[in-house]
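Fold and geometry: a report
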Amino acid sequence: MTRRPPLAGLRLAALVLFAVAPACSERAEPLSAPEPAATAEPSPAPKAEAPLETKDYPLAGEVRKVDAEGKTLTIRHETIEGFMTAMTMPFHMPDDTDFSEFNPGDYVEGTLRVQSRGGVTEKYEVAGLEVVKPAIKPMVLEMTKDGPKLAAPPIRLEVGDEVPDFTIIDQDGTSRRLSDLRGFVVALTFVYTRCPLPEFCPAMDRRFHDLAEAVATNSARAAKVRLISLSFDPDHDTPEVLREHAAIRGAKPPLWTFATTSREDLARIAPPLGLTFGPVGSEIVHNLCTAVIGPDGRLARLEVGTKANAWTTSDMLKTVAGLAPSGDR
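Read on for an overview of the structure. These numbers were taken from a predicted model, which means no experiment stands behind them.

All right, on to the pattern of salt bridges then. Opposite charge on two side chains makes pairing possible when the charged atoms of those side chains draw close. Considering all chains together, one arrives at 13 salt bridges under this definition. Residue Glu 162 pairs with Arg 182 through a salt bridge whose shortest N-O separation is 3.0 Å. In this pair, Glu 162 is assigned in the loop between β7 (147–151) and β8 (167–170) and Arg 182 in the loop between β9 (175–177) and β10 (185–191), connecting sequence segments 20 residues apart. Overall, Glu 162 belongs to the partly exposed group, its relative accessible area being 43%. Since its relative accessible area comes to 40%, Arg 182 is described here as partly exposed. Its salt-bridge partner being Arg 301, residue Asp 315 comes within 2.6 Å of it at the nearest N-O pair. One end of the pair, Asp 315, is in helix α6 (residues 313–323); the other, Arg 301, is in strand β16 (residues 299–305), and 14 residues separate them in sequence.

The interhelical angle for the contact between helix α2 (residues 201–216) and α6, taken along N-to-C directions, is 50°, at an axis separation of 10 Å. In this view, α2 runs oblique relative to α6, as classed from their interaxial angle. Considering the relative orientation of α2 and α6, their crossing is right-handed. On the side of α2, the interface is formed by Asp 210, Leu 211, Ala 214 and Val 215, while α6 contributes Thr 313, Met 316 and Leu 317.

Let's shift gears to the sheet that holds strand β2 (residues 72–77). What links the strands of a sheet is backbone hydrogen bonding, and the strands pair in either a parallel or an antiparallel sense. Strand order in the open sheet made by the five strands is β3-β2-β1-β4-β5, with antiparallel pairing throughout. This sheet does not close on itself; its edge strands, each paired only once, are β3 (87–92) and β5 (120–133). Averaged over all neighbouring strand pairs, the angle between strand axes comes to 40°, with direction disregarded. Taken together, the six bridges between strand β1 (residues 52–67) and β2 define a ladder with antiparallel strand orientation. Along β2, the bridge assignment pairs Val 63 with Ile 75.

In this section: the sheet that holds β10. Strand order across the open sheet formed by seven strands is β9-β8-β12-β11-β10-β15-β16, with mixed pairing between neighbours. Of all strands in the sheet, those bounded by a partner on one side alone are β9 and β16. In this sheet, neighbouring strand axes are inclined to one another by 30° on average, regardless of whether the strands run parallel or antiparallel. Note: strand β15 (residues 288–293) against β16, six bridges, orientation antiparallel.

The next point concerns unusual backbone geometry. Here the bond from Pro 253 into Pro 254 is cis, since omega is 5°, no more than 30 degrees from zero. With respect to the helices and strands, Pro 254 occurs in the loop between α4 (239–249) and β12 (256–260). The phi dihedral of Lys 71 is positive, around 60°, even though this residue is not glycine. Judged by its relative accessible area of 32%, Lys 71 falls in the partly exposed class.

Okay, the nonpolar core next. Counting residues in hydrophobic clusters, the biggest one holds 51 residues, and the most contacted among them are Phe 190, Leu 227, Ile 228 and Leu 230. In contact with Phe 190, other than residues within four places in its own chain, are Leu 230, Phe 232, Leu 266, Ile 269, Leu 273, Leu 275, Leu 288 and Cys 289. Membership of the second largest hydrophobic core comes to 17 residues, among which are Met 89, Met 93, Leu 112 and Val 126.

Moving on to the pairing of β1. With eleven bridges connecting them, β1 and strand β4 (residues 107–117) associate as antiparallel partners. In the strand pairing of β4, Tyr 57 is matched with Leu 112. If you look at the hairpin formed by β1 and β2, you'll find four residues sitting between the two strands, and Lys 71 has a positive phi there, around 60°.

Here is what the cut-offs are and how they apply
- Residues numbered from 1 in each chain as written.
- Predicted model: local features only at pLDDT ≥ 70, side-chain atom pairs only at ≥ 80, totals over all residues.
- Heavy atoms only, no water.
- Salt bridge = Lys/Arg side-chain N within 4 Å of Asp/Glu carboxyl O.
- Helix = DSSP H or I, 4+ residues; strand = E, 2+ residues; numbered from the N terminus.
- Buried < 20%, exposed > 50% of the residue type's maximum accessible area, 1.4 Å probe, protein only.
- Axes fitted to C-alpha atoms, helices over the stretch in contact; angles between N-to-C directions.
- Parallel < 35°, antiparallel > 145°, perpendicular 65-115°, else oblique.
- Left-handed = near helix turned anticlockwise from the far one by under 90°.
- Contact = heavy atoms within 4.5 Å.
- Pairing = 2+ DSSP bridges.
- Core = buried A, V, L, I, M, F, W, Y, C linked by side-chain atoms within 4.5 Å.

The following block contains the structure:
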């Protein structure tokens, strides 16, 4: 007798087959390969920073202001070749600077140390600054009923101030007052004939020679202009000495005259016009100054410096011509 499988077992097998059949009949979707990631552009390599360069330049000029609290010296410096034109500017000084060693009018020399990167200045500092020619404190005399006595130096004249009157003794021994030249444009500079330094008095002689020649090209203007080279060495620079010196330098009165004045007048007029001078051995140590006085007797221009004034012939001629009466231009 054949045995039949139990009904329950058949039903279970059918259910299993039914459940498995669909799964086997489905076709699996093929797996797609992942898209490659976008390749990022490589970052440019950072540019190498330019190296910091340090260069030393000679610094020379005249101290104009001392500010110990602000730790600066204002210096009217000469041209710093390859770095800076001549100008007046404050320089921050090292912390250990003894500001009592500096005074306005001192001529100083030192080093300007400049740090730059890629041709751009990042900082500069002053090193080794020394006074090579101290300012001369003039002895100013004040006339009293008891005779001359020392007085406080007067304040330097400003443009527009009236120039003090004094007596001029020219190379021919003729005396006149500065006030006698009212109506003329007067260019006045200070020299002494024994000056051995080519960049001082001889340089000013050359400048006045060139200025005199430039003025003389216009006779109408020349008739209203007077150039005076005034000696501050009256003991040596007598009219005879001045006359010989004038001939050598090519000075032709009345346009350009060498002259001197008394020590008393020098003491009165030199400080207001910026001149400082005093004997040192056989020489006279001094600075340089050139004043232009208008026809009204008032200061029109004042150039003061330790070395030869920076004015040029053409520049000074413009000043002189601008002050001449309009009909004489």
